[in-house]
Every structure is written in C-alpha cells, then in structure tokens.
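Chain by chain, the residues run as shown.
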Amino acid sequence: MPETRRDETAIEARGLWRRYGAKGPDGFDAVRGLDFHVARGELFALLGTNGAGKTSTVELLEGLDRPSRGSVRVLGLDPAKDRAKLRPRIGIMLQEGGFAGDLTVAETLRMWAGITTGPRPREEALEIVGLTARASVRVKQLSGGEKRRLDLAMALLGRPEVLFLDEPTTGMDAEGRRDTWQVVRELRARGTTVLLTTHYLEEAEELADRLAIMRAGRIVLAGTPQEVTASRPSRIRFTLPDDVPPARLPLSGPAAVDGRRVEVRTTQLQQTLTELLVWARAESVELSGLDARSASLEEAFLEIAKGDDADADGARREDERAEVTR
C-alpha cells in the first residue's frame, strides 16, 4: 500500500494479532499479523468469507478488545486504552442492533442521544437515513432493512470522524441498499473516514477507495478495486462452428475447450481479442456467443476464497510450531 503521513492516517494496524483461547493447539489465532492503514476521508472495505477474521479485526479497531500482539491506532489513539477519548469521535454500526422492540424509532434515537456526546438532532439523523416517516413506528414493526437504517442513524448521531460499518445493508432491498450507498458517499464527501465490511462485492466495488481481501486471518490481496481486479486474468468465451477445430485458433496461451465451447484466460485482453477477431475475419469464422470481459472483483474474491480450508489448516500447524519457539 502507498505510504501515508501519520497526520493523514485515521486508522493504522501494525503486526495485529488476535488469539482466542490458550496457547498451543487449544487456542486459535483469528487475526494473524495484519498491517494496513486507512487515510482520513477514505472508504476502506475489508472483505473475506465467514471466519476470515474481519469481525475480529474490526472489534480490535473499535476498542472492544486488546490485540494479542501488535498495535492499533485510530485518530492517533489506542482504541482500548484511550476509549473514553476516542468513543465520542467514532460511530459504530454493528451487524445487529439489539433494539427494544416496544420503543418507537424516535424514542430509540432519543435514548441513544442521551448517552452520545454532542448529538445531532434526531430529526436530522432520521432524514439522513430516510426514516422520517417511520419515527412513530415501534421498532418491532420495522422491516429488516429499516432496522439496519435505524442502526445507521444511531451510528451517525455523534457526527463521527471515523465510521465503522459492519455489513450495513444486510436485509435491505435493492432500493434501500442503493439509498444507503448514497448516504455513505455523502458522508465520505464531507470528510468522514469509513471502514466497511460487507458480503456484497458490488457494494465494495461501488464504494471503496481501497479494499483488502482476508483469508485465514491474513490480508491476501489489497489495493484499489481496479488494482485488485487487474491482478486476475480477463476472460474470452465463444462457440466455434462444427467444422472448425480448436487447434486452428491463433492462441499463444492455453484455452479451455468443452465440445465447441472455448474459454480463453488472458492478461492482455485487448491484444488477445484483436488477434482472435482478425483471424476470424480472415478465415470467415463466426464466433457465436462471443463474450469478452475483464476480471470482476467477484472472480478475484472467489479465487482467493478457494484456499480457505487449506490455508486455515496450514495456519494452525504454523501456530503450533510457533508456540514451541515462543
């Protein structure tokens, strides 16, 4: 990742570990030596399958636990040691809010505002997340997506400098998800730093300035969405006519052939596609169903996620060896 001056850094993790349980084979390291930073005003997405270590990492950043090893700084402060100083400056949207179902939306916000330093007016918070018309509705009558928006309103009450969003759009319909994306974009435009975890890869692709993909407690790949997708080969698919054998194709690299269907993977999409089309025109060959596209974030993510089980087993063996030498 590019270097960032410390006064421009909102979040910094160095050599971050989080261990559950005792030393030896009975314990488990959910986070294994993470190094990353988030610049002020940046939206950073943390991706990974279930069990990759995302939530364990975010809890350390929020000050809910201390690292087993390494260090964390948020706005220059230790989130656990300096919690009283830091808490008024951050907002946290957890995966589940745990609201009292019999309170109305307005009553819930009023209660939360009572323990928030310098809260914004609750009407303003409701307007930001699109719940003004639901202020008098009891929480238990809200849809799942509306409850998530109420979670967001509560996280925004304190006008946070850093906002942690843990799966913020789970349970929302497509319209609610896109409305929430717009809210997040506007917050970032005003200078709020956002750390996002999400299972929606489109969400990360739409919102993130940079992202990191975790596997077995480690960051495997990081960069802008464009840099991450560019690290994976592009794909060309088409079907050959019955009278054209795949061996006639002008391909310098390998191709996967299934009957007449051909798939080519390439790191030089434009060059490979040009060669293929020039050949097809010269040979009067019709490439039916031709589809050429760059790698997607989803493809990059799934390729990395394939190694989860093997990496987790290897990491456990590595931990056991490390315990002997500590």
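Higher on the page you've got the structure.
Quick notes on the rules
- Residues numbered from 1 in each chain as written.
- Predicted model: local features only at pLDDT ≥ 70, side-chain atom pairs only at ≥ 80, totals over all residues.
- Heavy atoms only, no water.
- Pairing = 2+ DSSP bridges.
- Helix = DSSP H or I, 4+ residues; strand = E, 2+ residues; numbered from the N terminus.
- Axes fitted to C-alpha atoms, helices over the stretch in contact; angles between N-to-C directions.
- Parallel < 35°, antiparallel > 145°, perpendicular 65-115°, else oblique.
- Left-handed = near helix turned anticlockwise from the far one by under 90°.
- Contact = heavy atoms within 4.5 Å.
- Nonpolar A, V, L, I, M, F, W, Y, C, P; charged D, E, K, R; others polar.
- Buried < 20%, exposed > 50% of the residue type's maximum accessible area, 1.4 Å probe, protein only.
- Core = buried A, V, L, I, M, F, W, Y, C linked by side-chain atoms within 4.5 Å.
- Salt bridge = Lys/Arg side-chain N within 4 Å of Asp/Glu carboxyl O.

Student: It is not clear to me how the sheet that holds strand E2 (residues 28-39) should be interpreted in this structure. Could you clarify?
Tutor: Two strands in a sheet stick together by hydrogen bonds in their backbones, pointing the same way (parallel) or opposite ways (antiparallel). Spatial ordering of the open sheet is given by E2-E1-E4, a layout of three strands whose pairing is antiparallel. Each of the sheet's edge strands pairs with one partner strand only, and the pair in question is E2 and strand E4 (69-74). For this sheet, the mean inter-axis angle between neighbouring strands, taken without regard to orientation, is 15°. Inspection of the sheet shows strand E1 (residues 9-20) paired to E2 by nine bridges, in the antiparallel sense. Its bridge partner being in E2, isoleucine 11 is matched across the sheet by valine 38.

Student: Got a minute to help me understand the packing of helix H5 (residues 144-156) against helix H6 (residues 174-189) in this structure?
Tutor: Each pair of packed helices can be described by the angle between their axes along with the distance between the axes. Two numbers describe how H5 lies on H6: the axes approach to 12 Å, and their chain directions differ by 15°. Comparing the axis directions of H5 and H6 gives the class roughly parallel. For the pair H5 and H6, the sense of crossing is left-handed. Taking contact as the criterion, the partners of Arg149, Leu152 and Leu156 in H5 are, on H6, Thr180, Val183 and Leu187. Here the residues of the contact of H5 with H6 are counted per class, giving four nonpolar, one polar and one charged.

Student: When you look at the side chain of serine 234 in this model, what are you seeing that I'm missing?
Tutor: Here serine 234 lies in strand E10 (residues 234-239). Exposure remark for serine 234: the relative accessible area of 9% places this residue in the buried category. Ignoring anything within four residues of it in the chain, the contact list for serine 234 reads Val264, Arg265, Thr266, Leu269, Arg293, Ser294 and Ala295.

Student: Got a minute to help me understand the nonpolar core in this structure?
Tutor: Here is a general trend for soluble globular proteins: nonpolar side chains tend to be buried in one another's company. Judged by nonpolar contacts, the single largest core of 45 residues is most densely connected at Leu47, Leu150, Leu152, Leu163, Leu165 and Leu211. It is H5 that provides the largest number of residues to this core, a total of six residues. Those residues in contact with leucine 165 that lie beyond four places of it in its chain are Met93, Leu152, Val184, Val194, Leu195, Leu196 and Thr197. In terms of nonpolar packing, the next biggest core, distinct from the first, is built from 26 residues, Ile11, Phe44, Leu86 and Val162 among them.

Student: Quick question: what am I supposed to make of the pairing of strand E7 (residues 193-197) here?
Tutor: Two faces belong to every sheet, and in a regular strand the side chains alternate between them. For E7, a buried count of five out of five residues is recorded, marking the element as mostly surrounded by other parts of the structure. Because side chains alternate across E7, one face comprises the buried residues Thr193, Leu195 and Thr197, and the other comprises Val194 and Leu196, equally buried. The pairing of strand E3 (residues 43-47) with E7 spans four bridges and is classified as parallel. By the bridge assignment for E7, phenylalanine 44 is matched with leucine 195.

Student: What am I meant to see in the pattern of salt bridges here?
Tutor: Think of it this way: side chains of opposite charge can pair up when their charged atoms draw near. Counting across every chain of the model gives 23 salt bridges. Where glutamate 146 meets arginine 134, a salt bridge forms, and the shortest distance between an N and an O atom there is 3.1 Å. In this pair, glutamate 146 sits in helix H5 while arginine 134 sits in the loop between helix H4 (122-129) and H5, placing the two residues twelve residues apart along the sequence. When the shortest N-O distance is used, the salt bridge between arginine 293 and aspartate 291 registers 3.1 Å. By relative accessible area, arginine 293 is classed as partly exposed at 42%. The exposure class assigned to aspartate 291 is partly exposed, which follows from its relative accessible area of 21%. Among the charged side chains, a network of salt bridges with common partners joins Arg235, Asp291, Arg293 and Glu299.

Student: Could you clarify how one ought to interpret the packing of helix H3 (residues 105-113) against H5 in this entry?
Tutor: Two elements in contact, H3 and H5, have axes separated by 10 Å at closest approach and are oriented at 30°. Taken together, H3 and H5 sit at an angle that is classed as roughly parallel. The hand of the H3/H5 crossing is right-handed. Contacts from Val105, Thr108, Leu109 and Trp112 in H3 reach Leu150, Ala153 and Met154 in H5. Residue composition of the contact of H3 with H5, by class: six nonpolar, one polar and no charged.

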